Amino acid sequence: MTGVSGIIFSNLHDRNIHELTKKRTTGAIPFGGRYRLIDFPLSSMVNSGIDDIYVISHHNYNSLVEHIGSGKDWDLARHNGGIKMLSPYITAYATSDSEQYVSRLESLKSISYSISKIKNEYIVLCDCNRIFSTDLTDIVRSHIKSGADITLGIGRATDSADNSIVETDEFGFITGIAKNVGKTDSDSVNLNIYVATREHLISMINDAMMRGYSSFSHEMLLRGRTEHKDKIGTYRFAETFIGVSSLIDYYNAGMAIVEDKDLYFSLFERSNFSVMTKVTNSAPTRYTKTASVHNSLIADGCYIAGNVENSIIFPGVHIASGSSVKNSIIFSDTYIGCNTCLSSVITDKNVMIGENVSLLGIPTLPIMVEEGRKL
Amino acid sequence: MIHIKTFKKSIIAMLLAGGQGSRLGELTQNTAKPALPFGAKYRIIDFTLSNCVNSGIDTVGVLTQYQPLELNEYIGNGQPWDLDRYRGGVTILPPYQSGKGIEWYTGTANAIYKNINFINRYSPDNVMILSGDHIYRMDYSEMITRHKEQNADCTIAVIDVPLSEASRFGIMSVNESDEITEFAEKPKEPKSTLASMGVYVFRTEALLRYIVSDENDPESSKDFGKNIIPKMLSDGCKMIAYKFEGYWKDVGTPESFWSANMELLGEDPDFDLFSLDMPKILSRNEALPPQVIGKDSSIRNSVITEGCHIYGQVENSVIFSGATVSENACVRDSVILFNAFIGDGAIVTNAIVGSDSVIGKKAQIGRQAGIANELTVIGDRKIIKDNFTVTGTGGNGI
């Protein structure tokens, strides 16, 4: 689809998974054996023909910048359009420590100049805290057709309990947005995917600045609705979005793609709708005579001599003979020594676990081993 | 006067990639040998291209001729090897029509002769002549440094081969300071075991002089090994042998293609693709999803890569990206190329299954109990029906 630009917020949700965002943005959280969370919104945009994309980050963006590079792995290294990392918006509107983590609206305010320079008429906004592979052209079409001032993507999300629920009238226009309290299974979760024209987005931001608003949905959208009679449309996505609002959500999401093959295929093996990511040029993975692997996702560049079951193994992982890895998520370049036993463990990058170690978590309380730790 | 921009480079590489590899039979039916898959995710040309960039050579001319479509598409703009450059980078050099007529590359020397203009654009001090047919990891920069230190006209990389195989290669005799004293192309009775690897560094001036004079010699077969090197040697040019120690393979037949892939297996493989101490081999690959390993699968002593789906048994095998081994299927001592599909309950033993081929349910491919140990080759895009048995096709394949 031409005439559409994308904006991706890379770290609005960092606090939710602080265990994995000490040194990275939410967008740079590894997922699924070789991906980062930003790959999902980014690939969906590219697969939908959106090739002018802006990524907003706030802090800790080193690994994100390294991951995106020139954007060539998404075919986004372009003269016209392509991907642009917008400089961080850290201090402009932060008045005290507690406000340093600025909101969606404040980040948009800080890039309003860049937005005004966008040539395309429509803008799609996306976050990085949910895993999906979906066609975004339909929400844009729906936005154009409905005549709404801004359209909000809604649908089912596995983390619906922690999110806001959108209330609509019979025509799909928003009447309210409420925090989900106890209603764990709603099909109208605010997915934080928005579509608006560039002009309308800028005028909304300017108006919000003028009035000193700080919240995108509760002030800018809802007050805009009552004060300016803004029409806020909705578009309902058919697929379930996999939310990662906490470490346990993250762990469950990983286990879900290992166990649920239909889910796996719907995310990663849709024809002409692949999830793109950085090409790493790792060597293939080698399995030795003592290897035993069942029901797992294994990336390249690994050496596997032990047992692996129901797990996700990222590139460059070494699993020595006699060791056992079950129900675990092992990030890049982790070393697991002989006769070591891991169950329900998440290891961050470059973890080194020696011989004869037992780390036994339980699925409802996985053990998290921080980046670079040696056990 | 037309202004032609030149970018001075101290060294450029000319990569000969027109090889047909006719003895590879079915495997090179539709593609040039350098585009042949190897090692689960690579093409043979990846090794030479990666060696170039990992040795600091950023200008590479790739000379193509036989079945170039796949190779051209694969190399593209050179982006996977960081060879998409304004100054230098990779350039595909096919045969072309000129004022003198229309002619194919008639030999390796003739191919370089026809691209003298390309060389001159970069006015390099030295030119590397490489072959895209070989599997090896080598840092050319050491060899280039030696070549410059010795002030040689030509330096040839050599590797020690078993005496029994020496007559397959260009064999060199050297004196105590590694100067080449004798050269024989595929000698019946080899005097030494130092074989040319097809890796040359030439002083540009010497290369051009000999290429031009060879072109004007009607008796010449326009070949580096047969003509240029012997001529330079007899003229007393300074020619140095650079001894290379490490894995180097020229896969000429389906059997050697198969065994080279098998040499990646084991605890301490003959060809260590996996060493983290050496720079990575770069290849054009889309970022495919990780390998999906099923509940009842069993994988032993194998090399498998991204985009594969393994639900059955895999043993002593190399599985290329996008390939599927279905439930109850069993793949043993085999090489399964890109996107091949092994159906439910099929048994593949001692075989090569070509890219995009489909092996039907319960089909039996390759060696059976009690039958001679011959390799079975299934070509690209072949469909073997359910319950069919194919065995011992040899190199011709089906």
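What you are looking at is a predicted structure, and each value in this text was computed from that prediction instead of being measured. (Residues numbered from 1 in each chain as written. Chains lettered and ligands numbered in written order. Predicted model: local features only at pLDDT ≥ 70, side-chain atom pairs only at ≥ 80, totals over all residues. Heavy atoms only, no water.)

**Structural notes on the packing of helix α6 (residues 198–211) of chain A against helix α7 (residues 216–228) of chain A**
Residues and elements named next belong to chain A. Two elements in contact, α6 and α7, have axes whose closest approach is 11 Å; the angle formed by their N-to-C orientations is 90°. The orientation of α6 relative to α7 falls into the category roughly perpendicular. Here M204, I205, D207, A208 and R211 of α6 lie close against α7, whose contacting residues are M220, E227 and H228. Residues of the contact of α6 with α7, tallied by class, amount to four nonpolar, one polar and three charged. (Axes fitted to C-alpha atoms, helices over the stretch in contact; angles between N-to-C directions. Helix = DSSP H or I, 4+ residues; strand = E, 2+ residues; numbered from the N terminus. Parallel < 35°, antiparallel > 145°, perpendicular 65-115°, else oblique. Contact = heavy atoms within 4.5 Å. Nonpolar A, V, L, I, M, F, W, Y, C, P; charged D, E, K, R; others polar.)

**As for α7 of chain A**
Residue and element names in this part refer to chain A. For α7, which comprises 13 residues, the first-to-last C-alpha distance of 15 Å sits more than 12% below the rise-based estimate of 18 Å (1.5 Å per residue). Among the residues of α7, F216, S217, E219, M220, L221, L222 and G224 are the ones counted as buried. One side-chain oxygen at the N-terminal end of α7 lies 3.0 Å from the backbone nitrogen of H218; it belongs to S215. (Expected span 1.5 Å × (residues − 1). Buried < 20%, exposed > 50% of the residue type's maximum accessible area, 1.4 Å probe, protein only. Polar contact = N/O pair within 3.5 Å; in protein donor to acceptor, adjacent residues only side chain to side chain.)

**Some details on the pairing of strand β14 (residues 239–243) of chain B**
Within a regular strand, the side chains alternate between the two sheet faces. Residues and elements named next belong to chain B. In terms of residue burial, β14 counts as a mostly covered element, since four of its five residues are buried. Of the strand pairs in this sheet, strand β10 (residues 154–160) and β14 are connected by five bridges, and their pairing is parallel. Residue pairing in the sheet places V158 in a bridge with K243 of β14. (Pairing = 2+ DSSP bridges.)

**A word on the packing of aromatic side chains**
All names here are of chain A. Under the criterion given, the structure shown has 27 aromatic pairs over all chains. Between Y250 and F331 the ring centres are 6.3 Å apart and the planes differ by 80°, which places this aromatic pair in the edge-to-face class. One end of the pair, Y250, is in helix α8 (residues 247–259); the other, F331, is in the loop between β22 (329–330) and β23 (335–336), and 81 residues separate them in sequence. The same class applies to Y250 and to F331, which are both buried. (Phe/Tyr/Trp six-rings, centres within 6.5 Å; stacked < 30°, edge-to-face > 60°.)

**Remarks on the pattern of salt bridges**
Summed over all chains, the structure comprises 32 salt bridges over all chains. One salt bridge connects D127 of chain A with R104 of chain A, and the closest N-O pair in it is separated by 2.8 Å. Linking D127 of chain A in the loop between β6 (122–126) and β7 (130–131) with R104 of chain A in helix α3 (residues 104–110), this pair joins segments that are 23 residues apart in sequence. Residue K33 of chain B pairs with D250 of chain B through a salt bridge whose shortest N-O separation is 2.9 Å. Of the two residues, K33 of chain B sits in the loop between β1 (11–16) and β2 (37–38) while D250 of chain B sits in strand β15 (residues 248–250), which places them 217 residues apart along the sequence. Judged by its relative accessible area of 6%, K33 of chain B falls in the buried class. On the basis of relative accessibility, which here comes to 23%, the residue D250 of chain B falls in the partly exposed class. (Salt bridge = Lys/Arg side-chain N within 4 Å of Asp/Glu carboxyl O.)

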